[in-house]
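This is what each chain is made of:
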Amino acid sequence: MSDYKYLVDVMTLEKPMRVPREVVEQIKGALGRKLIRRMKLDAVNCPVTGKLTPFLVCFSCKNFVRRVSGKVYCRGLPLS
């Protein structure tokens, strides 16, 4: 059995989407400043919420499995 339910494409935006400060603070320990700045321009169509979501929010989600070659592997479990 696979560890993911959805395979979602990552898209690059012209302008960065607004990311909550708590999410950025949480990710700062794991990723560098330059990588975070570049990832603010990425977004995904979240299959769980059904909305366009900044990648950094997706990265901090419990459903996030991995990101490989512009694709995000998502568990697809309901969020509380």
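Coordinates for the structure precede this section.
Residues numbered from 1 in each chain as written. Predicted model: local features only at pLDDT ≥ 70, side-chain atom pairs only at ≥ 80, totals over all residues. Heavy atoms only, no water.

(A) A look at the overall build of the chain. A tally of regular secondary structure across the chain gives three helices and five strands. The linear arrangement of helices and strands in the chain, starting from the amino end, is β-α-α-β-β-α-β-β. Overall, the C-alpha framework of the chain stretches about 35 × 25 × 25 Å when taken along its three principal axes. Here the chain holds 80 residues, and the buried ones make up 31% of them. In the chain, 61% of the contacts between residues at least 6 apart in sequence involve partners at least 24 apart. (Helix = DSSP H or I, 4+ residues; strand = E, 2+ residues; numbered from the N terminus. Buried < 20%, exposed > 50% of the residue type's maximum accessible area, 1.4 Å probe, protein only. Contact = heavy atoms within 4.5 Å.)

(B) The arrangement of the sheet that holds strand 4 (residues 64-68) in detail. Read across the open sheet, the five strands follow the order 3-2-1-5-4; overall the sheet is antiparallel. With one partner strand each, in any of the chains shown, strand 3 (52-54) and strand 4 form the two edges of the open sheet. On average, adjacent strands in this sheet sit at an angle of 30 degrees to one another, irrespective of strand direction. Here three bridges tie strand 1 (residues 6-12) to strand 2 (residues 42-45), and the two strands are oriented antiparallel to one another. Bridge pairing links Val 10 to Val 44 in strand 2. (Pairing = 2+ DSSP bridges. Axes fitted to C-alpha atoms, helices over the stretch in contact; angles between N-to-C directions.)

(C) Representation of the layout of surface pockets within the structure. The calculated volume of the largest pocket comes to roughly 210 Å³. Elements with a contribution of two residues or more to the lining of the largest pocket: strand 2, helix 3 (55-59) and strand 5 (71-74). Partitioning the lining of the largest pocket into residue classes produces 12 nonpolar, five polar and one charged. (1 Å grid on protein atoms, 1.4 Å probe; cavity = no way out; pocket = protein on both sides within 12 Å on 5 of 7 lines; lining within 4 Å. Points joined across faces, edges and corners; volume = space filled by probe spheres on them. Nonpolar A, V, L, I, M, F, W, Y, C, P; charged D, E, K, R; others polar.)

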